[in-house]
Amino acid sequence: MTTVTLDKTPRREFGWLLLPLLSLAVMSAFLASLLIGPAAIGLGDMVRALLSGDLETTSLIVREVRLPRSILGLMIGATLGLAGAALQGFLRNPLAEPGLIGVSASASFGAVLVFYSGLSGLFALALPLGGMAGACLGVLVVQSLAGRHGSPLTLILAGVAVTSFAAALTSLALNLAPNPFAALEIMFWLMGSLADRSFEHVWLSAPFMVMGWLLLATLGRPLDALTLGEDAAHTLGFNLRAVKHRLIFGTALCVGAATSVAGAIGFVGLMVPHVLRPLVGHRPGALLPASALGGALLVLCADISVRMLSPGRELKLGVLTALVGAPFFLYLVMRMRRRLL
């Protein structure tokens, strides 16, 4: 399998300081997310709104609008960052990201199918349930195509095939949408956003994300061993087939749940691990918690930015991450191209 050579330049590690700093930054961004919005709310009012059970306008805005949005931003960002770091470590390729194994595209198609069939109008949670069903189906197809003993390259090819097919089916649903309003609603959802999310979305997606986190968190030592090569990892006693299964199903659970409630938010799982990797000494195991915190920070800051940049007609979160992520991806490609010359 062709892999991309990582930068092995010796650098001083300060992961012991990185995690506390990232944790502090995430807490600050979470607090800012609760404070910033169309309605001006001060810190004291925000704290009283969270602690009291009043039905005043300020309390309702903080507890029912901003709090679930902030919680989802934190959880979805952590999911994308963690899954991106795990995939890059297993595939030994810094250009890998959560959508590579077809989870995001399959979840998007499941949600679009709910839109297209009209089930989204029957009850509020039909959309995220459809997204998670699509993610589960997609990962089962990828696992079947890759086979039990499939190599990382086979996994990538199976993921690309499922992603392409799911994207084609999504385009077909848009093309056959019964009216332009339905197509427009589908397109807006596909752009990714945290607006108008409630605690129902949090309670539905949180258990799946947490289960996915727990599976991916067990991959630290195997991924560190994989930096020495597959033979060395086998010699050290790691079952790479079991590692691959935990990676696939962990990613499917958390990324599928994230996509099902917020739409497609791209490039977070690509950018965050790449930026933080030199700061943890290029150790995949140490990169996992750092990327989870970095992803949460990035999504929270991006969500704050969309509220501030376009308060009247809010910019979609997935559009902003793509505007930042696409140039970053091109920068990575050009940088690696120069190394190969």
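The structure presented is a predicted model; accordingly, all values stated were derived computationally and were not measured. (Residues numbered from 1 in each chain as written. Predicted model: local features only at pLDDT ≥ 70, side-chain atom pairs only at ≥ 80, totals over all residues. Heavy atoms only, no water.)

Caption draft 1: Just the overall build of the protein chain, in detail. Secondary structure summary: the protein chain contains 14 helices and zero strands in total. The order of helices and strands in the protein chain, counted from the N terminus, is α-α-α-α-α-α-α-α-α-α-α-α-α-α. Scaling as 2.2 N^0.38, a compact globule of 341 residues should have a C-alpha radius of gyration of about 20 Å, and the protein chain matches this with 20 Å. Expressed along its principal axes, the backbone C-alpha trace of the protein chain runs to roughly 60 × 50 × 35 Å. Counting every position in the protein chain, which comprises 341 residues, the buried fraction comes to 49%. (Helix = DSSP H or I, 4+ residues; strand = E, 2+ residues; numbered from the N terminus. Rg over C-alpha atoms; globule rule 2.2 N^0.38 Å. Buried < 20%, exposed > 50% of the residue type's maximum accessible area, 1.4 Å probe, protein only.)

Caption draft 2: Inspection of the pattern of salt bridges at higher detail. A full pass over the atoms with the stated rule returns three salt bridges. Between D303 and R307 there is a salt bridge; the shortest N-O distance is 2.9 Å. Of this pair, D303 and R307 both sit in helix α13 (residues 284-309), four residues apart, which is roughly one turn of that helix. There is no split in this pair, since D303 and R307 are both buried. Through salt bridges with shared partners, a single ionic network connects R69, D303 and R307. (Salt bridge = Lys/Arg side-chain N within 4 Å of Asp/Glu carboxyl O.)

Caption draft 3: Here's a closer look at the packing of helix α5 (residues 126-146) against helix α8 (residues 199-217). Their axes nearest at 10 Å, the elements α5 and α8 cross at an angle of 20°. One way to sum up the angle between α5 and α8 is to call them roughly parallel. Regarding α5 and α8, the two cross each other, and that crossing is right-handed. Here P128, L129 and M132 of α5 lie close against α8, whose contacting residues are H201, L204 and F208. Looking at side-chain class alone, the contact of α5 with α8 contains five nonpolar, one polar and no charged residues. (Axes fitted to C-alpha atoms, helices over the stretch in contact; angles between N-to-C directions. Parallel < 35°, antiparallel > 145°, perpendicular 65-115°, else oblique. Left-handed = near helix turned anticlockwise from the far one by under 90°. Contact = heavy atoms within 4.5 Å. Nonpolar A, V, L, I, M, F, W, Y, C, P; charged D, E, K, R; others polar.)

Caption draft 4: Expanded view of the confidence of the model for the protein chain. Averaged over every residue, the pLDDT of the protein chain is 84; the share at 70 or more is 92%. Of all secondary-structure elements in the protein chain, the lowest mean pLDDT belongs to helix α2 (residues 43-51), at 79, while α13 reaches the highest, 93. Overall, residues 1-13 carries pLDDT values under 50, and its contacts beyond four positions in sequence, including any with other chains, amount to 19 contacts. (pLDDT = per-residue confidence, 0-100.)

Caption draft 5: Molecular detail of α5. For α5, which comprises 21 residues, the first-to-last C-alpha distance of 30 Å matches the rise-based estimate of 30 Å (1.5 Å per residue) to within 8%. Downstream of α5 by a residue or two, G147 has a phi angle that is positive, lying close to 80°. (Expected span 1.5 Å × (residues − 1).)

Caption draft 6: How the structure looks around a nonpolar patch on the surface. Taken together, the side chains of L31, L43, V47, L50 and L51 define a hydrophobic patch exposed on the protein surface, amounting to about 440 Å² of accessible area. Take the nonpolar patch: its biggest share by element is four residues, from α2. (Patch = residues over 30% accessible without salt bridge, like charges linked within 9 Å, V, L, I, M, F, W, Y side chains within 5 Å. Areas by Shrake-Rupley, 256 points an atom, 1.4 Å probe, with all protein chains shown as cover.)

Caption draft 7: Expanded view of the packing of aromatic side chains. Evaluation of the coordinates by the stated rule reveals two aromatic pairs. Judged by centre distance (5.7 Å) and plane angle (20°), the rings of F199 and W203 are stacked. Taken together, the residues F199 and W203, both in helix α8 and four residues apart, mark about one turn of the helix. (Phe/Tyr/Trp six-rings, centres within 6.5 Å; stacked < 30°, edge-to-face > 60°.)

Caption draft 8: Broad picture of unusual backbone geometry. Non-glycine residue D196 carries a positive phi angle of around 65°. By secondary structure assignment, the location of D196 is in the loop between α7 (180-190) and α8. In this structure D196 comes out as exposed when scored by relative accessible area, which is 76%. Notably, H282 is not glycine yet its phi reads approximately 60°, a positive angle. Residue position: H282 is located in the loop between α12 (268-276) and α13. On the accessibility criterion, H282 (14% relative accessible area) is buried.

Caption draft 9: Representation of the side chain of D303. Owing to a relative accessible area of 2%, D303 belongs among the buried residues under this scheme. Reaching out from D303, the side chain makes a polar contact with the side chain of R307 at a distance of 2.9 Å. Beyond its immediate sequence surroundings of up to four residues, D303 is in contact with S33, R69, L194 and L317. (Polar contact = N/O pair within 3.5 Å; in protein donor to acceptor, adjacent residues only side chain to side chain.)

Caption draft 10: A look at the nonpolar core. In this structure, I76, F90 and L216 are the most contacted members of the largest nonpolar core, which totals 76 residues. Sort the elements by how many residues they give to this core and helix α3 (residues 57-91) lands first, with 14 residues. Residues A111, F115, A173 and I186 belong to the second largest nonpolar core, which totals eight residues. (Core = buried A, V, L, I, M, F, W, Y, C linked by side-chain atoms within 4.5 Å.)

Caption draft 11: Inspection of α13 at higher detail. The end-to-end C-alpha separation of α13 is 35 Å, in line with the 38 Å expected for 26 residues at 1.5 Å each. The largest bend in α13 is about 30°, located at A290. (Bend = angle between axes of the 7 residues up to and from the residue.)

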